[in-house]
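The residues making up each chain are set out below.
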Amino acid sequence: MPFVSIRDLQMYYEIRGTGQRLLCISGTGRDLQRSPTIFDSPLAPHFEILAYDQRGLGQTSKPDIPYTIADYAADTDSLLNAVG
């Protein structure tokens, strides 16, 4: 299971498939442990998909602080920089 240390988190992510990379930001309340995921969608055969559990969800750390939209955006940016 791939994890990356970013900001104040241990973030869980998955990369699957082939083709042009597609970043999937799931909605609040969704994580990669609950089916269906983006990997079950009709997009999956056509892209290399990068998906992750947002802070506080799934297998990603759950910091004991209020989360902001700016935190979510910075987390995504940090993940992209970490995995290329």
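Residues numbered from 1 in each chain as written. Predicted model: local features only at pLDDT ≥ 70, side-chain atom pairs only at ≥ 80, totals over all residues. Heavy atoms only, no water.

1. A few points about the pattern of salt bridges
Now for step 1: This structure, assessed with the given rule, holds 6 salt bridges.
Now for step 2: Its salt-bridge partner being Asp-71, residue Arg-7 comes within 3.0 Å of it at the nearest N-O pair. Linking Arg-7 in the loop between β1 (3-6) and β2 (9-17) with Asp-71 in helix α1 (residues 69-83), this pair joins segments that are 64 residues apart in sequence.
Now for step 3: A residue is classified by how much of its surface remains accessible, and Arg-7, at 45% relative accessible area, is partly exposed.
Now for step 4: One salt bridge connects Asp-75 with Arg-55, and the closest N-O pair in it is separated by 2.6 Å. (Salt bridge = Lys/Arg side-chain N within 4 Å of Asp/Glu carboxyl O. Helix = DSSP H or I, 4+ residues; strand = E, 2+ residues; numbered from the N terminus. Buried < 20%, exposed > 50% of the residue type's maximum accessible area, 1.4 Å probe, protein only.)

2. A word on unusual backbone geometry
Now for step 1: Omega for the bond connecting Ser-35 with Pro-36 falls within 30 degrees of zero, at -5°, which places this linkage in the cis form.
Now for step 2: The topology assignment puts Pro-36 in the loop between β3 (21-24) and β4 (48-52).
Now for step 3: Unlike most non-glycine residues, Arg-7 shows phi in positive territory, near 45°.

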